[in-house]
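# Breakdown of the fold
In case you want the letters, here they are:
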Amino acid sequence: MKTNTIASEQLNYSTKESAFNEFSKGKNKSRDLRGIMVRASSLALLFGAAYLVYALQADFTRYNLDGLDSTWGMTVLAITGSLLLFRAGFFFYNLYLYLRYKPISSVNNEDLPTCTVIVPAYNEGKQVWATLMSLAKSDYPAHKLELLAIDDGSKDNTWEWMQKAKRELGDRVSIYQQPENKGKRHALYRGFHIGTGEVFVTVDSDSEVTSDTLRNLVSPFVVNEKCGAVAGNIRVLNNGKKAMLPKMLDVSFVLSFEFVRSAESSLESVLCTPGALAAYRRKAVFGCLDEWINQTFMGKASDIGEDRAMTNMILKQGYHVLFQRNAFAYTNVPEKYTGLYKMFIRWGRSNVRENIAMAKYVFTDFRESSKTGSRLLFLNQVLKLVMSYPTILMMLFFISMDPVLFLSSTLLSILIWSSFPVLFYAKRYNLSESFWAYSYSILYTFGLFWITPYAIATASKRGWLTRG
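Summarised in this report is the structure supplied together with it. (Residues numbered from 1 in each chain as written. Predicted model: local features only at pLDDT ≥ 70, side-chain atom pairs only at ≥ 80, totals over all residues. Heavy atoms only, no water.)

## A few points about the layout of surface pockets
- In this model, the second largest pocket occupies a volume close to 250 Å³.
- What lines the second largest pocket is a set of 16 residues, and nearest its centre among them are Lys-182, Gly-183, Lys-184, Asp-303 and Arg-462.
- Among the elements that line the lining of the second largest pocket, the one with the most residues is helix 8 (residues 184-194), at 3 residues.
- In the lining of the second largest pocket, the residues fall into 4 nonpolar, 6 polar and 6 charged. (1 Å grid on protein atoms, 1.4 Å probe; cavity = no way out; pocket = protein on both sides within 12 Å on 5 of 7 lines; lining within 4 Å. Points joined across faces, edges and corners; volume = space filled by probe spheres on them. Helix = DSSP H or I, 4+ residues; strand = E, 2+ residues; numbered from the N terminus. Nonpolar A, V, L, I, M, F, W, Y, C, P; charged D, E, K, R; others polar.)

Quick look at the structure:
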């Protein structure tokens, strides 16, 4: 039975590359009637709110005038107005940076550096085999490519699937097994010490890459000698299933990577190289490896956010951190609300820790090139954290004062702000799928608004949360 399962997976894998190409061209159109109804309902709700705001103009005017008559009202209005101006200004700044961004084209085979790809895995089962097979199909000189897979004490059949990959790929892959589950950071640490490449590439065991991903990801190190790390472009692998969250997250990821990280890359200051796909210069890694593996926060060992921590420590050394839009990895994301909020909590706690760490060097002379962009990105991150509690308090206050005005104005704001990701995704990929941005914004605003405040309050807590 196991042999048949593995054979079936091998057959399925042969179609993955063509599926990836369809994803990148925006051809993966949803035929799920439920999904269509959710997107249509989201649009109807938002346009209904817009009409309600129009119909209640007199109430909004009265409410604003009453607010202007009090010191408290003027203070709230001034703070809200300032935040909106800052957000709008920062958005247009990002738009300018995005328009300046261009991915670096692949260099020729002779110039490509030796590359060690590290795949840490924990309870990943058959997916780790698919990950390794996708890497083995890479259009990268075989004599310059080293594949390492490290089983971090899995309790399922992950090691068996690694052995299967080893039998098929032979000397092209080396597999290792941790004596016990020590966490992803320790698995990567072992890989860094084993690997011999000039560049390290880390790939999550639930991710798959296209054939040109590695060469595109690594090329910036050849072109830019100050480049210390490169972030890959992450898309959703389980986007074709019936679950709606992956479809929403795919639209969100496109904005987060292809717009936000493109802008950050123009400043040579990408703040996080994702664990799903990232590359690091060997010298930069060993310049902070001891600090990274021994990192603590509030007296406890840091076991999450290893990607953001590594990025931060490489930026601190004065290196540039870039983004390659042409280097794709497709990764599995949560399909249920529970998995989603746990993932966001983990990211949020890491964000708190690394912003505190960044504050210690970002206003120093930490690198030779311009530091203004890095500082602006840092200030934007901090502002989001600082305003999380006041935002919730103001939200609760306005709900208590007039829930209809609050809900209608909030939904109208979602319609306005979310139209950009809709247009961005539609232009880059697919119009129909782009409308998931509206549904996702509604979910995030009303169902995930508590993540950042909770992450701040529990920043010292450890644990992966989504591992079982």
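## Digging into the packing of aromatic side chains
- Taken as a whole and assessed by the stated rule, the structure comprises 29 aromatic pairs.
- Residues Phe-192 and Trp-292 carry aromatic rings whose centres are separated by 5.8 Å and whose planes lie at 65° to one another, so their mutual orientation is edge-to-face. Of this pair, Phe-192 sits in helix 8 while Trp-292 sits in helix 12 (residues 289-293), and the two are 100 residues apart along the sequence.
- You can call Phe-192 buried: its relative accessible area is 1%.
- On the basis of relative accessible area, Trp-292 is assigned to the buried category, the value being 1%.
- Ring centres 5.9 Å apart and planes at 35° place the aromatic pair Phe-420 and Phe-424 in the tilted group. Of the two residues, Phe-420 and Phe-424 both sit in helix 17 (residues 403-428), 4 residues apart, roughly one turn of that helix.
- Phe-424 gets classed as buried once you look at its relative accessible area, which sits at 8%.
- Here the aromatic residues Phe-91, Phe-92, Tyr-98, Phe-259, Phe-420 and Phe-424 are joined through ring pairs into a cluster of three or more.
- Here Arg-87 stacks its cationic end above the ring of Trp-417, 4.5 Å away from the centre of that ring. (Phe/Tyr/Trp six-rings, centres within 6.5 Å; stacked < 30°, edge-to-face > 60°. Buried < 20%, exposed > 50% of the residue type's maximum accessible area, 1.4 Å probe, protein only. Lys NZ or Arg CZ within 6 Å of the ring centre and 35° of its normal.)

## So, the pairing of strand 6 (residues 227-236)
- Most of strand 6 sits out of view: 10 of its 10 residues are buried.
- In this sheet, strand 10 (residues 320-331) lies alongside strand 6 in parallel orientation, the contact comprising 8 bridges. Counted as the bridge partner of Ala-229 is Val-321 from strand 10.
- For strand 6 and strand 7 (residues 277-281), the ladder comprises 3 bridges, and the chain directions are antiparallel. Note on strand 7: the bridge partner recorded for Ala-229 is Tyr-280. (Pairing = 2+ DSSP bridges.)

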